[in-house]
Amino acid sequence: MPQEYHTEAFVSALKRKGFREVASKHHRRFLFVYAVKPVSSIRTRISFGERRIGHSLLNLIARQLYLSRQELGELIECPLGYDEYVSLLVRRGHLRP
């Protein structure tokens, strides 16, 4: 699993996995969308000037998305799809089916 990602590749992967970018003045904010509604408790943000997302920020984002660091890598690199992510969130009690 990479120790860092280019920000645009990371953002693109988040959007493919059900996250929607929402307007903000200081950061790029992302909310997870489930059943056509944004889920306010499953969110993260990235500074506008961030070119690469490194190890410490990846750890923080993983916690915010209720994933292990390895699972976050799988979400970004595609083995973990939208449906699998939803299943994880439901099993862990962060979403209702």
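Quantities reported herein were computed from a predicted structural model and do not represent experimental measurements.

**Structural notes on the overall build of the protein chain**
Point 1. The secondary structure content of the protein chain amounts to four helices and five strands.
Point 2. Each helix and strand of the protein chain, ordered N terminal to C terminal, gives the series β-α-β-β-β-β-α-α-α.
Point 3. In terms of overall size, the protein chain behaves like a compact globule, its C-alpha atoms giving a radius of gyration of 13 Å where 97 residues would be expected to give roughly 13 Å.
Point 4. Projected onto its principal axes, the C-alpha positions of the protein chain cover 35 × 30 × 20 Å.
Point 5. Within the protein chain, the proportion of its 97 residues that are buried is 38%.
Point 6. On the protein chain, roughly 5800 Å² of surface is accessible, and the fraction owed to carbon and sulfur atoms is 51%.

**Side note on the environment of Leu67**
Point 1. Turning to its location among the elements, Leu67 is positioned in the loop between helix H2 (55-64) and helix H3 (69-77).
Point 2. Sequence-wise, Leu67 and Arg20 are 47 residues apart; in three dimensions their C-alpha atoms are separated by 18 Å.
Point 3. What Leu67 contacts, discounting residues up to four positions off in sequence, is Ala62, Leu72, Leu75, Leu80, Tyr85, Leu88 and Arg92.

**Topic: H3**
Point 1. Every buried residue of H3 is listed here: Arg69, Glu71, Leu72, Gly73, Leu75 and Ile76.
Point 2. Residues of H3 that are buried in the fold lie against strand E1 (5-6), helix H1 (7-16), strand E2 (19-22), H2 and helix H4 (82-91).
Point 3. The positive-phi residue at the C-terminal boundary of H3 is Cys78, with phi of around 95°.

**Notes on the packing of aromatic side chains**
Point 1. All told, the structure shown has five aromatic pairs when counted by the stated rule.
Point 2. Taken together, a centroid distance of 5.0 Å and an interplanar angle of 85° make the contact between Phe32 and Tyr85 edge-to-face. Residue Phe32 is found in strand E3 (residues 27-34), and its partner Tyr85 is found in helix H4; the two are separated by 53 residues along the sequence.
Point 3. Ring-pair connections join several aromatic residues into one group, and the members of that group are Phe19, Phe32, Tyr82 and Tyr85.

**Let's talk about the sheet that holds E3**
Point 1. An order of E2-E3-E4 is seen for the three strands of this open sheet, with the pairing classed as antiparallel. The open sheet has two edge strands, E2 and strand E4 (37-47), and neither has a second partner. Each strand axis lies, on average, 30° off the axis of its neighbour in the sheet, ignoring direction.
Point 2. Here E3 runs beside E4; their pairing, made up of eight bridges, is antiparallel. Of the residues in E4, the one forming a bridge with Val33 is Pro38.
Point 3. With respect to the sheet, H1 is in contact with E2, E3 and E4, its orientation differing from that of E3 by roughly 25°.
Point 4. In the packing of H4 onto the sheet, the strands contacted are E2, E3 and E4, and the crossing angle to E3 comes to about 80°.

What counts and what doesn't
- Residues numbered from 1 in each chain as written.
- Predicted model: local features only at pLDDT ≥ 70, side-chain atom pairs only at ≥ 80, totals over all residues.
- Heavy atoms only, no water.
- Helix = DSSP H or I, 4+ residues; strand = E, 2+ residues; numbered from the N terminus.
- Rg over C-alpha atoms; globule rule 2.2 N^0.38 Å.
- Buried < 20%, exposed > 50% of the residue type's maximum accessible area, 1.4 Å probe, protein only.
- Areas by Shrake-Rupley, 256 points an atom, 1.4 Å probe, with all protein chains shown as cover.
- Contact = heavy atoms within 4.5 Å.
- Phe/Tyr/Trp six-rings, centres within 6.5 Å; stacked < 30°, edge-to-face > 60°.
- Pairing = 2+ DSSP bridges.
- Axes fitted to C-alpha atoms, helices over the stretch in contact; angles between N-to-C directions.

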